[in-house]
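# Tertiary structure, described
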Amino acid sequence: MPGWLEAGLWGLLGGGALVLGAAVAWFVRVPQRLIAAIMAFGAGVLISALSFELMQDAAETGGLGPTALGFLGGAVAYVLANVALARRGARHRKRSGDQQPSEGEQGGSGAAIAVGALLDGVPESVVLGTSLLGGGGVGVAVLAAVFISNVPEGLSSAAGMKRAGRSAAYVFGVWGGIALASAAAAAVGYAALADVPPSVLAAITAVAAGAILAMLADTMIPEAFERAQLSTGLITALGFLTAFALDQV
């Protein structure tokens, strides 16, 4: 199987977790406190993966300088894009309550939420694609982190979309489209970065890590804390430990 196709399939699996979470939210009434707990766990998993799988590998491969610059660049780029989308109605795109605006309350918010969901998913998918470079298999810890964190992301966001009066066609169209975009991003990441120098690959990996951490701080952790509150820290720590254990096995 061509490497780019394998990368695309792994990206599709990771993105498919968003559809799975959305389906649960649409057909099952999940308590918001449970959604928040799952979100906190997923945040801990991603923090562990970006620490040990992304940043550490990037620093060892390309050095601290390119890694630091890439990390800060990814965080800045994500925050700027997120600010622009927030002004158009996508600020609470991962919230499961009544925070998301309906199309009647803010025109164009549906499109902004869809673009925001894409913004959240692409860095993870690119990392999945690049983890296959060098002839090795997909990074199991990264794949597990993406999948485990994407389920509560899709669940929480779809619950909020449903509360805002958005249709099933919109909800599953968004998450189905993001799953396909995740597959494309992973395939392109593999194909486009196959021959780049190690320092460049390290910087790009760090860009993704910076964007992921900014996304966690801006969207996932606030949703988790709003509902889970004082238990958020412990649940996040359990998620971190789970991903760390997977990395060590």
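- The name given to the protein in an unreviewed UniProt entry is ZIP family zinc transporter, with Vallicoccus soli as the source organism.

### Focus: the nonpolar core
- Within the largest apolar cluster, 29 residues are counted, with the highest numbers of intra-cluster contacts made by Leu 46, Leu 54, Leu 216 and Met 220.
- Among the elements of the structure, helix 2 (32–62), helix 3 (64–90), helix 4 (109–130), helix 5 (140–163), helix 7 (198–228) and helix 8 (232–248) are those that each provide at least two residues to this core.
- In terms of residues, this core owes the most to one element, helix 7, which gives ten residues.
- When sequence neighbours within four positions are dropped, the list of residues in contact with Leu 216 reads Ala 43, Leu 46, Ile 47, Leu 50, Ile 221 and Pro 222.
- Counting 16 residues, the second-largest nonpolar core is a separate cluster that includes Leu 18, Ile 113, Met 161 and Val 174.

### Some remarks on the packing of helix 1 (residues 3–27) against helix 6 (residues 168–192)
- In the contact formed by helix 1 and helix 6, the axes pass within 7 Å of each other and the chain directions differ by 160°. Judged by the inter-axis angle, helix 1 sits roughly antiparallel to helix 6. When you trace helix 1 past helix 6, the crossing you get is right-handed.
- Split by residue class, the contact of helix 1 with helix 6 holds 21 nonpolar, seven polar and no charged.

### Points about the packing of aromatic side chains
- Per the counting criterion, the structure on display carries four aromatic pairs.
- Note on Trp 26 and Phe 172: the rings are 6.2 Å apart at their centroids and 70° apart in plane angle, and the pair reads as edge-to-face. Within this pair, whereas Trp 26 is found in helix 1, its partner Phe 172 is found in helix 6, the two being separated by 146 residues in sequence.
- Relative accessible area serves as the criterion here: at 18%, Trp 26 is assigned to the buried category.

Conventions adopted
Residues numbered from 1 in each chain as written. Predicted model: local features only at pLDDT ≥ 70, side-chain atom pairs only at ≥ 80, totals over all residues. Heavy atoms only, no water. Core = buried A, V, L, I, M, F, W, Y, C linked by side-chain atoms within 4.5 Å. Buried < 20%, exposed > 50% of the residue type's maximum accessible area, 1.4 Å probe, protein only. Helix = DSSP H or I, 4+ residues; strand = E, 2+ residues; numbered from the N terminus. Contact = heavy atoms within 4.5 Å. Axes fitted to C-alpha atoms, helices over the stretch in contact; angles between N-to-C directions. Parallel < 35°, antiparallel > 145°, perpendicular 65-115°, else oblique. Left-handed = near helix turned anticlockwise from the far one by under 90°. Nonpolar A, V, L, I, M, F, W, Y, C, P; charged D, E, K, R; others polar. Phe/Tyr/Trp six-rings, centres within 6.5 Å; stacked < 30°, edge-to-face > 60°.

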